[in-house]
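Structural features, examined
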Amino acid sequence: MRIGIDADGVLRDFNAGVIQKISETHPNLVEKIQPIETWDIESWLPFWTAKKGYEYIFDNNFKDIFEKAPPCRDSKEHWNSIQKWAAARNHQLVLVSAQEKQCIAPTLSWLGNHKFSFDEIHFTKNKETVDIDILVDDYDKNLINFSNIGKLAICFSHPYNKDIQDLFITISSLKELPAVVDTIEAEKNLVDTVATMA
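Description of the structure in this document. (Residues numbered from 1 in each chain as written. Predicted model: local features only at pLDDT ≥ 70, side-chain atom pairs only at ≥ 80, totals over all residues. Heavy atoms only, no water.)

Some details on the pattern of salt bridges
Once their charged atoms are close, side chains differing in charge can pair, the charge on each being opposite to the other. To keep it simple, the criterion reads: Criterion for a salt bridge: a side-chain nitrogen of Lys or Arg within 4 Å of a carboxyl oxygen of Asp or Glu. A run of DSSP states H or I qualifies as a helix once it reaches four residues; a run of E qualifies as a strand once it reaches two. Both are numbered from the N-terminal end. Only protein chains enter the accessibility calculation, which uses a 1.4 Å probe; a residue whose area is less than 20% of its type maximum is buried, one above 50% is exposed, and one in between is partly exposed.
Using the criterion set out here, one finds 12 salt bridges in the structure. K68 serves as the salt-bridge partner of D64, at 3.5 Å between the closest nitrogen and oxygen. Separated by four residues within a single helix, D64 and K68 lie in helix α4 (residues 62-68), roughly one turn from each other. Residue D64 is classed as partly exposed on the basis of its relative accessible area of 25%. Because the salt bridges share partners, they merge into one network encompassing K21, E24, D64 and K68.

Side note on helix α7 (residues 140-147)
Heads up, the condition is: The directions from the helix axis to the C-beta atoms are what the arc is built from. Contacts are assigned to residue pairs with any non-hydrogen atoms lying within 4.5 Å of each other.
Taken as a whole, α7 has its buried residues at N142, L143 and F146. For α7, the buried positions fall inside an angular range of 95° around the axis, keeping them on one side. Here the buried face of α7 lies against β4 (134-137) and β5 (152-156).

Points about the packing of aromatic side chains
Note the cut-off: Ring pairs shown here join Phe, Tyr and Trp side chains whose ring centres sit within 6.5 Å, with only the six-membered ring taken for Trp; geometry is labelled stacked below 30 degrees between planes, edge-to-face above 60, and tilted in between.
Applying the stated criterion across every chain yields a total of 11 aromatic pairs. Measuring from ring centre to ring centre gives 5.3 Å for W79 and F116, while their planes differ by 70°; the resulting arrangement is edge-to-face. With W79 in helix α5 (residues 75-88) and F116 in the loop between α6 (104-113) and β3 (120-123), the pair connects residues that are 37 residues apart, well separated along the chain. Each member of the aromatic cluster is reached from another via a ring pair, and the members are F14, Y54, F58 and F66.

Things to note about the layout of surface pockets
The condition that has to hold: In this analysis a 1.4 Å probe is tested at points of a 1 Å grid over the protein atoms alone, and where it fits but cannot get out there is a cavity; an open set with protein on both sides within 12 Å along at least five of seven lines is a pocket; lining residues have an atom within 4 Å of a point. Grid points are joined across faces, edges and corners, and a volume is the space filled by probe spheres set on the points. Only Asp, Glu, Lys and Arg are considered charged in this grouping, and only Ala, Val, Leu, Ile, Met, Phe, Trp, Tyr, Cys and Pro are considered nonpolar; every other residue, Gly among them, is considered polar.
Estimates place the volume of the largest pocket at around 780 Å³. As for the largest pocket, its lining consists of 30 residues, of which F14, W39, F58, A98 and Y139 are closest to the centre. Of all elements in the fold, only α1 (14-25), α2 (41-44), α3 (50-60) and α7 reach the threshold of two or more residues within the lining of the largest pocket. Grouping the constituent residues of the lining of the largest pocket by class yields 12 nonpolar, eight polar and 10 charged.

As for the environment of A16
Within the secondary structure layout, A16 lies in helix α1. Linking A16 and K68, residues 52 residues apart in sequence, is a C-alpha distance of 9.6 Å.

Considering α3
Every buried residue of α3 is listed here: G53, Y56, I57 and F58. Buried residues in α3, looked at end-on, bunch into an arc of 155°, giving them a common side. Residues of α3 that are exposed and point over 90 degrees away from its buried face: K51 and N60. Where α3 is buried, its residues contact α1, α2 and α4.

Considerations on the environment of S117
Operational definition: Polar contacts, as used here, are pairs of N or O atoms within 3.5 Å; protein pairs need one atom able to donate a hydrogen and one able to accept it. Residues neighboring in sequence count only if both atoms are side-chain atoms.
Tracing the chain through its elements places S117 in the loop between α6 and β3. Taking C-alpha positions, S117 is 9.5 Å from N80, a pair spaced 37 residues apart along the chain. Among all residues touching S117, those that are not within four sequence positions of it are W79 and Q83. A distance of 2.6 Å separates the side chain of S117 from the side chain of Q83, its partner in a polar contact.

Focus: empty space enclosed by the protein
Enumeration according to the criterion identifies one cavity of 30 Å³ or more in this entry. Estimated volume of the largest cavity: approximately 40 Å³. Contributing to the lining of the largest cavity are G17, Q20, K21, E24, D64, I65 and K68. Ranked by residue count, the leading element in the lining of the largest cavity is α1, at four residues. For the lining of the largest cavity, the residue count by class is one nonpolar, two polar and four charged.

Keep in mind these numbers describe shape, not what the thing actually does.
Structural data, given as structure tokens:
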């Protein structure tokens, strides 16, 4: 299988990277940052408009934020075992990430620094167009669009996507991925076997 894996919110803790940068440039604002429960920047950075927040992140500080953000949860800790599992099962690991143009180079640098290697890398906002069988993502629109073409979307859980977690297989750590995929493959093989016997 070709398994697509998102970067921000799955491998890289983008939100922590933003907060880390704000603590450096605007330490007086850190205590005003709200819990991240929606996708709207102004909801968790209420001291800025959406436009101001976007400019801060994607225009003025993107290099530091995207190169220095920490890994998401235990993604780095389990990556080596996921690679070994994928190789043993003849799966391909494909990065599928929607990065702004200026954020691609810092993202590639970040991936290299943290030893996240892939069989292929795709930067696109239209993830359903990439030749993959499974998509692991945290963004509701990506999951829905991928699911709508009849493929398996796996939700990586966060408070901001809690409203859609019941619609998809949901994991909270990449260490859960091998068991999920193995189960799906076993069920598919069983169905195929029964079909051939009918």
